[in-house]
Every structure is written in C-alpha cells, then in structure tokens.
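Take a look at the letters that make up each chain.
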Amino acid sequence: MAEQRRRKKKLRKCKLCEMKVEYVDYKDVRLLREFLNEKAKIIPKRVSGNCSKHQRMIKKAIKRARQMALLPYIEL
Ligand SMILES: [Zn+2]
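Conventions we followed
Residues numbered from 1 in each chain as written. Predicted model: local features only at pLDDT ≥ 70, side-chain atom pairs only at ≥ 80, totals over all residues. Heavy atoms only, no water. UniProt positions renumbered as here; feature names shortened; annotations may be inferred. Patch = residues over 30% accessible without salt bridge, like charges linked within 9 Å, V, L, I, M, F, W, Y side chains within 5 Å. Areas by Shrake-Rupley, 256 points an atom, 1.4 Å probe, with all protein chains shown as cover. Salt bridge = Lys/Arg side-chain N within 4 Å of Asp/Glu carboxyl O. Lys, Arg positive; Asp, Glu negative; His and termini not counted. Charge placed at Lys NZ, Arg CZ, Asp CG, Glu CD. Helix = DSSP H or I, 4+ residues; strand = E, 2+ residues; numbered from the N terminus. Donors = N, O, S within 2.8 Å, 3.2 Å for Na, K, Ca; no water. Tetrahedral: all angles 85-135°; square planar, octahedral: opposite > 155°, others 65-115°. Buried < 20%, exposed > 50% of the residue type's maximum accessible area, 1.4 Å probe, protein only. Phe/Tyr/Trp six-rings, centres within 6.5 Å; stacked < 30°, edge-to-face > 60°. Lys NZ or Arg CZ within 6 Å of the ring centre and 35° of its normal.

- An unreviewed UniProt entry lists the protein under the name Small ribosomal subunit protein bS18, with Pseudothermotoga thermarum DSM 5069 as the source organism.
- Checking UniProt for the protein, the heading Subunit (unreviewed entry) contains the comment "Part of the 30S ribosomal subunit. Forms a tight heterodimer with protein bS6."

Here is the structure:
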C-alpha cells in the first residue's frame, strides 16, 4: 500500500505582498477580517502565510480598529 503522506499545501505567500500593499488601513475592515479567525483572533503568520512586515501592519491595524470599535475583540 503506497500511502502518500502529503502535507496539505498551505499558502506560503504573503497575500499583502502579492497585492502590493504598502500600508494597511485600520478602516479597511474587510481586509482585516480576513486575518481574523472565527473567534476574532489574529491568525498567526505561519498559518496565514504573511510576512512579518505585513503581519506587524495587520496587527497594528487590527488593534487600532478594535479601539475604534470597528472590529470585535471577541466574537461569540
Ligand atoms: Zn508581505
């Protein structure tokens, strides 16, 4: 039995680099939401495939958006 243990290919590329995003706006809730999981937590970069530069931007923007009540802290 030739069982191939293939790892699921995860997206390795940083989406924001692909989109050539230079600045993440905290008001861009739709974009930010893509980096939140169903519990409104920030998806770690090893999962999302973001580079650290953009991950940092995302983190900052999400924090800001939460302060402005644009994003929830916890989603139930
Ligand atoms: Zn990037």
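Some points on a positive patch on the surface
Then, in step 1: A cluster of basic residues, Lys45, Arg56, Lys59, Lys60 and Lys63, forms a positive patch on the protein surface.
Then, in step 2: A total of four residues in the positive patch trace back to one element, the largest contributor, which is helix H4 (residues 52–67).
Then, in step 3: On the secondary structure map, Lys59 appears in helix H4.

Remarks on the coordination of the zinc ion
Then, in step 1: Distances from the zinc ion to its protein donors, Cys14 (SG), Cys17 (SG), Cys51 (SG) and His54 (ND1), fall at 2.0 to 2.3 Å.
Then, in step 2: Note that the zinc ion binds four donor atoms; their angles at the metal cover 105 to 113°, and the shape is tetrahedral.
Then, in step 3: Looking at Cys17, the relative accessible area reads 38%, which means it is partly exposed.

Observations concerning the packing of aromatic side chains
Then, in step 1: Under the counting rule described, the total for this entry stands at zero aromatic pairs.
Then, in step 2: The ring of Tyr26 has Lys27 lying over it, and the distance from NZ or CZ to the ring centre is 5.3 Å.
Then, in step 3: The ring of Tyr26 carries the charged tip of Arg64 above its face, separated from the ring centre by 4.9 Å.

Digging into the pattern of salt bridges
Then, in step 1: This structure, assessed with the given rule, holds three salt bridges.
Then, in step 2: The salt bridge involving Lys15 is made with Glu34; its shortest N-O contact spans 2.0 Å. Here Lys15, found in helix H1 (residues 15–18), pairs with Glu34, found in the loop between helix H2 (29–33) and helix H3 (45–48); they are 19 residues apart in sequence, far enough to count as distant.
Then, in step 3: In this structure Lys15 comes out as partly exposed when scored by relative accessible area, which is 28%.
Then, in step 4: A residue is classified by how much of its surface remains accessible, and Glu34, at 44% relative accessible area, is partly exposed.
Then, in step 5: Where Lys27 meets Asp25, a salt bridge forms, and the shortest distance between an N and an O atom there is 3.6 Å.

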